[in-house]
Amino acid sequence: MRVSDAERERVAEQLQAAVGEGRISLAELDQRLSLVYSADTRPEVDAVMADLPAARPPEALEVNRVKAFARIDGRWEVPAFLTVGCYDAVIRLDFRQASIGHPAVRIDLSAAKSIVRLQLPPGASVSVHGLAVHKGLIRNRVADRSGLPGGTEFTITGQLMKALLFLR
């Protein structure tokens, strides 16, 4: 499989962290970065990182807001489980440039009088069957890709009370 520019950047960040931890020297960093940026395939990049510990995403993330705004976007490590709670708030989670190291992400959502906007990465699928809606609205603009390989599966559970959930 061919390696993307975003993957190369994540590996470069991991290599820089390895220098900070004292695992590799600055000279070795230069050598490894040259190999990473000239790599065409995932196995070439994996070989550069083979003797270093793998970066692990956090196991869980909790986002709670009351009468406030929260936004997570750009490059960030997505855990397998997120808890999102909000009252009279606006929450925006953008997964398009995020690093998702697992095939499935579960979001437990509790939203009241709020707006929640989730922007999913290309190829992702989403299930909202476990979400109870009380005087709320779900607008799902994610194409149904259930059963197709390769995309992250997002499962959203919890409840919406007088709230809006936008999925894109």
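As the structure is a computational prediction, the values presented were derived from the model and not from experiment.

1. Overview of the sheet that holds strand β11 (residues 153–161)
Pairing is parallel across the open sheet formed by 5 strands, whose spatial order is β1-β4-β7-β11-β9. At either margin of the open sheet sits one strand with a lone partner, and together these are β1 (60–66) and β9 (125–134). Averaged over all neighbouring strand pairs, the angle between strand axes comes to 10 degrees, with direction disregarded. Relative to β11, strand β7 (residues 104–112) runs parallel, the two sharing 9 bridges. What sits directly across from serine 110, in β11, is glutamine 159.

2. Let's talk about the nonpolar core
The tendency in soluble globular proteins is for nonpolar side chains to be buried as a group. Membership of the largest hydrophobic core comes to 30 residues, with the highest contact counts inside it found for Phe95, Ile107, Leu109, Leu118, Ile156 and Leu165. When residues in this core are grouped by element, the largest group, 4 residues, is from β7. When near neighbours in sequence (up to four residues on either side) are disregarded, phenylalanine 95 contacts Trp76, Val78, Ile100, Ile107, Leu118, Gln119, Leu120, Pro121 and Phe154. Counting 14 residues, the second largest nonpolar core, distinct from the first, contains Val11, Leu15, Ala39 and Met49.

3. Regarding the packing of helix α1 (residues 5–20) against helix α2 (residues 26–38)
The axes of two packed helices give the description: the angle between them and the distance between them. α2 packs onto α1 with a crossing angle of 170 degrees between their chain directions and a minimal axis gap of 10 Å. Relative to α2, the element α1 is oriented roughly antiparallel. Residues Arg8, Glu9, Val11, Ala12, Leu15, Gln16 and Val19 of α1 form the contact with α2, whose own contacting residues are Leu26, Leu29, Arg32, Leu33, Val36 and Tyr37. Residues that form the contact of α1 with α2 fall into these classes: 9 nonpolar, 1 polar and 3 charged.

4. Let's talk about the confidence of the model for the chain
On average, residues of the chain score 89 in pLDDT, and 93% of them reach the 70 mark or higher. Of all helices and strands in the chain, the one with the weakest mean pLDDT is α1 (86), whereas strand β8 (residues 115–119) scores best (97).

Definitions and limits used
- Residues numbered from 1 in each chain as written.
- Predicted model: local features only at pLDDT ≥ 70, side-chain atom pairs only at ≥ 80, totals over all residues.
- Heavy atoms only, no water.
- Pairing = 2+ DSSP bridges.
- Helix = DSSP H or I, 4+ residues; strand = E, 2+ residues; numbered from the N terminus.
- Axes fitted to C-alpha atoms, helices over the stretch in contact; angles between N-to-C directions.
- Core = buried A, V, L, I, M, F, W, Y, C linked by side-chain atoms within 4.5 Å.
- Buried < 20%, exposed > 50% of the residue type's maximum accessible area, 1.4 Å probe, protein only.
- Contact = heavy atoms within 4.5 Å.
- Parallel < 35°, antiparallel > 145°, perpendicular 65-115°, else oblique.
- Nonpolar A, V, L, I, M, F, W, Y, C, P; charged D, E, K, R; others polar.
- pLDDT = per-residue confidence, 0-100.

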